[in-house]
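Take a look at the letters that make up each chain.
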Amino acid sequence: MAHIVAHSPGEMTVGCQRLLGKLVPFLEYCVCHASVLTILVISFERYYAICRPLRASYTCTKMRACTCILTIWAAAVMLS
């Protein structure tokens, strides 16, 4: 007669524990790098807006902001 082993909802398998053991630190580093880089880019944008207010209106666009965000997250993944 075969025994069926049912895992409780809170119990993880060994493979899942290994995956989470590597995934959680990676995500922590990734989010940490992304937040620091985001603050850096915001600081540069604010500096530019204060020092060159007439140019900032057409230099700091939504497209450039989206590009910066994507670049920041790509750099964060690469650094992690």
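Look up a bit, the structure's there.
Residues numbered from 1 in each chain as written. Predicted model: local features only at pLDDT ≥ 70, side-chain atom pairs only at ≥ 80, totals over all residues. Heavy atoms only, no water.

## Considering the pattern of salt bridges
- Counted by the stated rule, this structure contains one salt bridge.
- Salt-bridge contacts for Glu45 lead to Arg46; the nearest nitrogen and oxygen are separated by 2.8 Å.
- Taking relative accessible area as the criterion, Glu45 reaches 28% and is therefore assigned partly exposed. (Salt bridge = Lys/Arg side-chain N within 4 Å of Asp/Glu carboxyl O. Buried < 20%, exposed > 50% of the residue type's maximum accessible area, 1.4 Å probe, protein only.)

## Description of the side chain of Thr59
- Following the sequence through the fold, Thr59 ends up in helix H2 (residues 53-59).
- For Thr59, a relative accessible area of 16% gives the class buried.
- Residues contacting Thr59, with those up to four places away along its chain left out, are Tyr48 and Arg64. (Helix = DSSP H or I, 4+ residues; strand = E, 2+ residues; numbered from the N terminus. Contact = heavy atoms within 4.5 Å.)

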